[in-house]
Amino acid sequence: MAAATSTCSMCGRERDPSVRCPHCGNTPEQLAAEVSRLNKAIADMNAEDLRLSGERKKLSSKLQAALYQRDILAHAEAQRQKKAAPKQRRWLPRPPGAQAPPPPPAAPPGAQRPDPPTTADD
């Protein structure tokens, strides 16, 4: 059966974890302390992860509430501006190649034309 190998935590070279490292002298007792230190670090990181997850959920719900409120206010402002704006006349552009409408019909012969307006200088 082949011996398991791992990376030495001191020098980074491959070694048998049950015996002293032949390169730097790291002992199995130091490995036990290293495992204990890593276990504590992992536990601390898990606790921090849970705390951050809770904060993220709170922040996410606040963000959703703010977005909803902004949408409501933006809609209300758009409605207010729509009511305050003057009515626009509808304008349809003439399609390319379309002709202008015909002029109004001329007055029938013998019809009286109205007098042009007079000015105060006359």
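Here the structure is a predicted model, which is why all the values come from computation and not from measurement.

### Quick word on the overall build of the protein
Thinking step 1. Regarding its fold elements, the protein presents one helix and two strands.
Thinking step 2. Taken from N to C terminus, the helices and strands of the protein fall in the order β-β-α.
Thinking step 3. Within the protein, the fraction of its 122 residues that count as buried is 5%.
Thinking step 4. Pairs at least 24 residues apart make up 2% of the contacts formed inside the protein by residues separated by at least 6 positions.

### Digging into the pattern of salt bridges
Thinking step 1. According to the stated counting rule, one finds six salt bridges in the structure shown.
Thinking step 2. Here Glu 48 ties to Arg 51 by a salt bridge, and the two come within 2.5 Å at their closest N and O atoms. Of this pair, Glu 48 and Arg 51 both sit in helix α1 (residues 28–84), three residues apart, which is roughly one turn of that helix.

### Quick look at the side chain of Arg 15
Thinking step 1. Structurally, the position occupied by Arg 15 is in strand β2 (residues 14–15).
Thinking step 2. Among buried Asp, Glu, Lys and Arg side chains, Arg 15 stands out as unpaired, with Asp 16 the closest opposite charge at 6.8 Å.
Thinking step 3. In terms of polar contacts, Arg 15 uses its side chain to reach the backbone carbonyl oxygen of Val 19, at 3.2 Å.
Thinking step 4. In this structure Arg 15 touches Ala 4, Thr 5, Ser 6, Cys 8, Arg 20, Cys 21, Pro 22, Asn 26 and Leu 31, once residues within four positions along its chain are discounted.

### Some remarks on the state of the cysteines
Thinking step 1. Applying the stated rule across the entire model yields zero disulfides.
Thinking step 2. In this structure Cys 21 is a free cysteine whose sulfur lies 3.8 Å from that of Cys 24, the closest cysteine sulfur available.
Thinking step 3. Classification of Cys 21 by relative accessible area gives buried; the value is 3%.
Thinking step 4. As a non-bridged cysteine, Cys 24 has Cys 8 as the owner of its nearest cysteine sulfur, 3.5 Å distant.

### As for the confidence of the model for the protein
Note: predicted coordinates in regions of low pLDDT should not be interpreted at a detailed level.
Thinking step 1. On average, residues of the protein carry a pLDDT of 82, and 85% of them reach 70 or more.
Thinking step 2. Mean pLDDT in the protein bottoms out at strand β1 (residues 6–7), which sits at 81, and peaks at α1, which reaches 92.

### Description of a nonpolar patch on the surface
Thinking step 1. Together, Leu 38, Ile 42 and Met 45 make up an exposed nonpolar region whose accessible area comes to about 290 Å².
Thinking step 2. In this fold, Ile 42 is placed in helix α1.
Thinking step 3. Judged by relative accessible area, which is 45%, Ile 42 ranks as partly exposed.

Thresholds, definitions, all that
- Residue numbers here run from 1 along each chain, matching the order of that chain's written sequence.
- Thresholds applied to this predicted model are a pLDDT of at least 70 for local features of residues and 80 or more for the giving and counting of side-chain atom pairs; totals over whole chains, interfaces and linings are not thresholded and use all residues.
- Side-chain descriptors were evaluated using all non-hydrogen atoms of the structure, hydrogens and water having been removed beforehand.
- A run of H or I in DSSP becomes a helix once it reaches four residues, and a run of E becomes a strand once it reaches two; helices and strands are each numbered from the N terminus.
- We call a residue buried when its accessible area falls under 20% of the maximum for its residue type, exposed when it is over 50%, and partly exposed in between, using a 1.4 Å probe and counting protein chains only.
- In what follows, residue pairs with any heavy atoms lying within 4.5 Å of each other are defined as contacts.
- Every case where a carboxyl oxygen of Asp or Glu lies within 4 Å of a side-chain nitrogen of Lys or Arg is listed as a salt bridge.
- We treat Lys and Arg as the positive residues and Asp and Glu as the negative residues; His and chain ends play no part in the count.
- Identification of polar contacts relies on pairs of N or O atoms within 3.5 Å, with a donor-acceptor requirement for protein atoms, meaning one able to donate a hydrogen and the other able to accept it, and with residues adjacent in sequence counted only if both atoms are side-chain atoms.
- By definition, disulfides here are pairs of cysteine sulfur atoms that lie within 2.5 Å.
- Each residue carries a pLDDT value, the predictor's own confidence for that position, ranging from 0 to 100.
- Patch definition: residues above 30% relative accessible area lacking any salt bridge, with like charges linked at up to 9 Å and the nonpolar side chains Val, Leu, Ile, Met, Phe, Trp and Tyr linked at up to 5 Å.
- Accessible surface area values rest on a Shrake-Rupley calculation with a 1.4 Å probe, where residue burial reflects the displayed protein chains alone.

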